[in-house]
Amino acid sequence: MGSSYNYYRMFGCFNRKFKIREREPPPDVRNAFFRYTGKANQMNADQLFRYLVEVQGEEECTIKDAEQIIQNVASRRHHLIRRLNHSLELDDFFFYLFQDDLNGAIKSQVHHDMTAPLQHYFIYTGHNSYLTGNQLSSDCSEIPIVKALERGVRGIELDLWPNSGKDNIHVLHGRTLTTPVPLLKCLKAIRDHAFFKSPYPVIITLEDHLTPDLQAKVAEMVIQIFGEMLYYPQSECLDEFPSPEELKNRIILSTKPPKEYLESKNQRDTSPVGKDSFREDLLKKEKSEIGAEDHDTDERSDSDQDDEDGDTSTSNDQQSSQPEAPKYKSLIAVHAGKAKHGLKRALREESNKVSRLSLSEQEVVRAAEYYGTDLVRFTQKNILRVYPKGTRVTSSNFKPMTGWMHGAQMVAFNMQGYGKSLWMMHGMFRSNGSCGYVKKPQFLMDKGPNNEVFDPKVKLPVKQTLQVRVYMGDGWRLDFSHTHFDAYSPPDFYTKLYLVGVPADSRKKKTRILEDDWCPVWDEEFNFPLTVPELALLRIEVREYDMSEKDDFGGQTCLPVSELRTGIRSVPLYDKKGHKMKSVRLLMRFQFL
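Residues numbered from 1 in each chain as written. Predicted model: local features only at pLDDT ≥ 70, side-chain atom pairs only at ≥ 80, totals over all residues. Heavy atoms only, no water.

> Provide a residue-level description of helix α17 (residues 420–428), including the pertinent values.
Burial analysis of α17 places 8 of its 9 residues in the buried class, which makes it a mostly covered element. Regarding α17, the residues found buried are Ser421, Leu422, Trp423, Met424, Met425, His426, Gly427 and Met428. (Buried < 20%, exposed > 50% of the residue type's maximum accessible area, 1.4 Å probe, protein only. Helix = DSSP H or I, 4+ residues; strand = E, 2+ residues; numbered from the N terminus.)

> An account of the nonpolar core is requested, with residue identities and associated values reported.
Inside soluble globular proteins, nonpolar side chains tend to come together where they are buried. Core analysis: the biggest nonpolar cluster contains 80 residues, and Leu158, Ile190 and Phe226 have the highest contact counts within it. Beyond its immediate stretch of four places on either side in the chain, Leu158 contacts Tyr130, Ile145, Val171, Leu183, Cys186, Leu187, Ile190, Ile204, Thr205, Leu206 and Glu207. Grouped together as the second largest cluster of nonpolar side chains are 32 residues, Leu466, Leu514, Leu538 and Val571 included. (Core = buried A, V, L, I, M, F, W, Y, C linked by side-chain atoms within 4.5 Å. Contact = heavy atoms within 4.5 Å.)

> How would you explain the side chain of Gln135 if you had to name every residue and give the values?
Within the secondary structure layout, Gln135 lies in the loop between β6 (125–126) and α6 (143–151). Residue Gln135 is classed as buried on the basis of its relative accessible area of 4%. Within the structure, Gln135 has its side chain in polar contact with the side chain of Ser395 (distance 2.8 Å). With near-sequence residues (within four places) excluded, Gln135 lies in contact with His127, Asn128, His173, Thr176, Thr178, Arg392, Val393, Ser395, Asn414 and Gln416. (Polar contact = N/O pair within 3.5 Å; in protein donor to acceptor, adjacent residues only side chain to side chain.)

> So what about the packing of α6 against helix α7 (residues 183–193)? Which residues, and what values?
Put simply, α6 and α7 touch, their axes get as near as 9 Å, and they point 20° apart. Of the possible angle classes, the one that applies to α6 and α7 is roughly parallel. Read as a crossing pair, α6 and α7 show a hand that is right-handed. Across the interface between the two elements, Ile145, Val146, Leu149 and Glu150 of α6 pack against Cys186, Ala189, Ile190 and His193 of α7. Tallied by class, the residues present in the contact of α6 with α7 amount to 6 nonpolar, 1 polar and 1 charged. (Axes fitted to C-alpha atoms, helices over the stretch in contact; angles between N-to-C directions. Parallel < 35°, antiparallel > 145°, perpendicular 65-115°, else oblique. Left-handed = near helix turned anticlockwise from the far one by under 90°. Nonpolar A, V, L, I, M, F, W, Y, C, P; charged D, E, K, R; others polar.)

> Quick rundown of the packing of aromatic side chains? Include the residues and the values.
Per the stated rule, a full pass over the model turns up 17 aromatic pairs. Consider the rings of Tyr36 and Tyr51, whose centres lie 5.8 Å apart with planes at 85°: the pair is edge-to-face. Here the residue Tyr36 occupies a position in helix α1 (residues 27–37), and Tyr51 occupies one in helix α2 (residues 45–54), the gap between them amounting to 15 residues. Accessibility expressed as a relative area gives 7% for Tyr36, which makes it buried. Both rings, one in Phe122 and one in Trp404, keep their centres 6.2 Å apart while their planes meet at 50°; by these two values the pair is tilted. Of this pair, Phe122 sits in strand β5 (residues 121–123) while Trp404 is found in helix α16 (residues 401–405), placing the two residues 282 residues apart along the sequence. The two residues Phe122 and Trp404 agree in class, both being buried. (Phe/Tyr/Trp six-rings, centres within 6.5 Å; stacked < 30°, edge-to-face > 60°.)

> Can you tell me about unusual backbone geometry, naming the residues and giving the values?
One non-glycine residue with positive phi stands out, namely Lys166, at about 60°. Looking at the element boundaries, Lys166 is found in the loop between β7 (155–162) and β8 (169–171). What makes Lys166 exposed here is its relative accessible area of 57%. In the Ramachandran plot, Asp516 falls in the positive-phi region, its phi being about 55° despite a non-glycine side chain. You can see Asp516 is positioned in the loop between β20 (507–510) and β21 (521–530). For Asp516, a relative accessible area of 31% corresponds to the partly exposed category.

> Residues and numbers for a nonpolar patch on the surface, please.
On the surface, Ile513, Tyr545 and Met547 cluster together into a nonpolar patch covering about 320 Å² of accessible area. Here Tyr545 shows up in the loop between β22 (537–544) and β23 (552–560). (Patch = residues over 30% accessible without salt bridge, like charges linked within 9 Å, V, L, I, M, F, W, Y side chains within 5 Å. Areas by Shrake-Rupley, 256 points an atom, 1.4 Å probe, with all protein chains shown as cover. Salt bridge = Lys/Arg side-chain N within 4 Å of Asp/Glu carboxyl O.)

> Give a description of the pattern of salt bridges that names residues and reports values.
In the structure shown here, the tally under the stated rule is 25 salt bridges. Residue Arg569 is joined to Glu58 by a salt bridge in which the shortest nitrogen-to-oxygen separation is 3.0 Å. One end of the pair, Arg569, is in strand β24 (residues 567–574); the other, Glu58, is in the loop between α2 and α3 (63–78), with 511 residues separating them in the sequence. With respect to burial, Arg569 and Glu58 carry one shared label: buried. Put simply, Arg585 and Asp100 hold a salt bridge, and the shortest N to O gap is 2.9 Å. Placement of the pair is Arg585 in strand β25 (residues 580–592) and Asp100 in helix α5 (residues 100–103), with a sequence separation of 485 residues. For the pair shown, Arg585 and Asp100 are each scored as buried. Among the ionic contacts, a cluster of salt bridges with common partners joins Asp28, Arg469, Asp523, Glu525 and Arg589.

What follows is the structure, encoded as structure tokens:
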């Protein structure tokens, strides 16, 4: 095979020639191949089977699986199935290891227990799911809802407002310049795409600013559009949430029942604003314990005000004259509430009924500081939703780990808010076959003999160490032009590794920079001691070093540590929006010590 080269124009007057190095197996791959073939040049199905079980840890693998891999590789590499010689050469074996669909880094099937109540799961949840861009002036549309559902999102949020004629319902971000979309369009989009990616239930969170007659219209719409897909309890309020398995292919509504809206409004009209509110509760404690230097608790999303203030356009004189609200109320499966008498009491108050509580991102941070174990205990029976603060007008997101390590099931994200936080969200929900429901670690659901629960503040001993070896990367030369990263030479790639988890586990590492190489071979190893591996995420980012400007982005992914498959694995990279790149992959090895 002849050599290939890249040519780069220098200073507009002469060319520089760089040889493109062909992808070659790193030493560990070569050694593994010859160890299992007995130094022969062919690996048969039995030898591949032993490699898969002993090195890759695939104990459920069979000889038939190994034979199928050989057939797949032969058809992909040689465009035919070599029936007379069912074996792999070294280059075939190396090719196989780089195929993420055959040798991926995480499990691709649903494998968690799906029969526990809903509150036992982290749920893939969107915030203002209808927005195409920023929170103030972007268009509202059903298209972001469709995209979210097709990615596996199971929690969709809709803000409901009367149209200008007060005779129909629009979905929009209230008190902003966002252009509305009819509710009917959004509901039909949910019906048609809800179970494209996953059969497990879709929860529609309604932020309701409607009069009772329009609430009745919503009830008619959802019954007509969803029909038997719609789940609602026979009793007024659930004693316990059903399981995702029981709710397969069902749609669930979650909002405040109308009666509670009216009670909230009456209370607000007759009592001082903010009295016994969560914000005042926390601020008082902060002033007494740490001073009053930080008071940003009023930053919140207008669309989520109902969760704190009980704000609605329903008026008191409509309560007796409008009989429609009870019909609407009966369709609400997950009742939302608010901390009417302060968060501490809301978290500790025992109830025979289950409910959902919504808190803003900064409220959760403060609640974690003062009532951390109460948050965990609350989420063992009820659902906690966390939403972005209102100052995130560009639709950016917050770090989700604080919510998760306190048991919050519905950490609500702006799915159009691309960045590192959203990459972590993508990573968490690659777990469990990307079905949108991830079983919470058992320690978040357990109680001790004295009612004690997991405390994220307590530093635990190291439980295990994740060992990561970054062998090499390839595919950029196929997906990018040869001058994309540098106009004058091939790229200078390096890989950054971030361990995201409880504070004691968080750390970062990086490989050396390899200059002028489209197929970098780093072959470097890193250890990550883990005290709570069940909550850990491994975030991986490839950068191209640039001496004069900001380093260029070369791809990223985020992998749930609890789902990692041991051995030498293919790790596909994604672009900034979370779309999988066509060819770019890393070859890595994962071991637990």
